[in-house]
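Take a look at the letters that make up each chain.
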Amino acid sequence: MVLIVNGEHKKFEELSLTILDILNLCKVEMPDMVSVQVNTTFVDRKEYGSFKLNDGDSVDFLYFMGGGNA
């Protein structure tokens, strides 16, 4: 399976992957703090273990950070 992960084409040996699988395979730090977008649509965190990805999907890991000027 080939996916576009954060803008990079990545090939995976597995033929069936979920978002949770990709988070683990890509060794995403703090997976509880990341939002995932598949083909420009945000996926609910409750669906990470059941949301099946398709060959060619675009997957983006987004971290929301606070901060700013005081």
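For the structure, see preceding data.
First things first, this report covers the structure right here in the doc. (Residues numbered from 1 in each chain as written. Predicted model: local features only at pLDDT ≥ 70, side-chain atom pairs only at ≥ 80, totals over all residues. Heavy atoms only, no water.)

Structural notes on the overall build of the protein
Then comes step 1: Across its full length, the protein carries one helix and seven strands.
Then comes step 2: If one aligns the C-alpha atoms of the protein with their principal axes, the spans along those axes are about 50 × 25 × 20 Å.
Then comes step 3: Per-residue burial over the protein gives 30% buried out of 70 residues.
Then comes step 4: Long-range contacts, defined here as pairs at least 24 residues apart, represent 52% of the contacts in the protein between residues at least 6 apart.
Then comes step 5: About 5000 Å² of surface is accessible on the protein, with carbon and sulfur atoms providing 52% of the total.
Then comes step 6: Charged side chains in the protein number 6 positive and 11 negative. The centres of these two groups are separated by 2 Å. (Helix = DSSP H or I, 4+ residues; strand = E, 2+ residues; numbered from the N terminus. Buried < 20%, exposed > 50% of the residue type's maximum accessible area, 1.4 Å probe, protein only. Contact = heavy atoms within 4.5 Å. Areas by Shrake-Rupley, 256 points an atom, 1.4 Å probe, with all protein chains shown as cover. Lys, Arg positive; Asp, Glu negative; His and termini not counted. Charge placed at Lys NZ, Arg CZ, Asp CG, Glu CD.)

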